[in-house]
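These are the residues of each chain, in order.
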Amino acid sequence: MAYSYDPQNIFARILRGEIPNKTVIETEHTLAFHDIGPQAPIHVLVIPKGAYVNFDHFATEASAEEIADFTRVAGRVCHMTGAAPGAGGGGYRTISNAGEAGVQEVPHYHLHVLGGRVLGRMLQRQD
Ligand code: 5GP
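Residues numbered from 1 in each chain as written. Predicted model: local features only at pLDDT ≥ 70, side-chain atom pairs only at ≥ 80, totals over all residues. Heavy atoms only, no water.

Engineer: How would you summarise the site of the ligand if you had to cite specific residues and measurements?
Structural biologist: Of all residues adjacent to the ligand, which total 16 residues, the nearest are Asp35, Asn97, Glu105, His110 and His112. Asp35 places a polar side-chain atom, nitrogen or oxygen, 2.5 Å from an oxygen atom of the ligand. At a separation of 2.9 Å, an oxygen atom of the ligand approaches a polar backbone atom of Val106. Across the complex, the protein chains shield 87% of the 530 Å² of accessible surface that the ligand would expose by itself. Listing elements by their share of the shell around the ligand, those giving two or more residues are α1 (10–15) and β2 (30–34). (Near = heavy atom within 4 Å. Polar contact = N/O pair within 3.5 Å; in protein donor to acceptor, adjacent residues only side chain to side chain. Areas by Shrake-Rupley, 256 points an atom, 1.4 Å probe, with all protein chains shown as cover. Helix = DSSP H or I, 4+ residues; strand = E, 2+ residues; numbered from the N terminus.)

Engineer: Give me the lowdown on helix α3 (residues 64–80), citing residues and values where you can.
Structural biologist: With 17 residues, α3 extends 24 Å between its outermost C-alpha atoms, agreeing within 8% with the 24 Å of an ideal straight helix rising 1.5 Å per residue. Within α3 the residues assigned to the buried category are Glu66, Asp69, Phe70, Val73, Ala74, Val77 and Cys78. Summarising the contacts, the buried residues of α3 are in contact with β1 (23–26), β2, β3 (42–48), α2 (55–61), β4 (92–95) and β5 (111–115). The first or second residue beyond α3 is Gly82, which carries a positive phi of 85°. (Expected span 1.5 Å × (residues − 1). Buried < 20%, exposed > 50% of the residue type's maximum accessible area, 1.4 Å probe, protein only. Contact = heavy atoms within 4.5 Å.)

Engineer: So what's going on with the pairing of β3? Residues and values would help.
Structural biologist: Looking along a regular strand, one sees side chains alternate from face to face of the sheet. Most of β3 is tucked away, with seven of its seven residues classed as buried. By the alternation rule, side chains of β3 split into Ile42, Val44, Val46 and Pro48 and His43, Leu45 and Ile47, which are all buried. Sheet analysis places β2 next to β3, joined by five bridges and oriented antiparallel. Within β3, the position partnered with Leu31 by the bridge is Ile47. Taken together, the five bridges between β3 and β5 define a ladder with antiparallel strand orientation. (Pairing = 2+ DSSP bridges.)

In structure tokens:
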């Protein structure tokens, strides 16, 4: 499978320090930061530092170390934001959009962590 990564995408520019971000957590392989257009009181984006376009690219080609680090950071975000039910929060939703059907805007893999309110049903019917 050939994946084409655009190094000029906005998250690549954030990772290079060309655009500022409000960082929540940074590790060797992962960055978590607040979404610029929050869809809920809690809206954090978790991205790998590696050049992966979407979830299936990351899951296929990232190292075990990158995948473990990313997953741990996402879990820490759920707790740090107070959203995690196990930490007394009201719960959260994680979303990863991919491609045209997934309506992905930024072609660098990212996980949305949303919470702070009841988020409604997972998908709205289009018919
Ligand atoms: P997607 O539609 O690709 O799943 O989500 C992209 C997300 O990136 C959107 O929620 C959008 O608000 C966010 N976003 C786009 N540009 C920037 C930016 O420059 N900074 C931050 N923090 N978030 C951004």
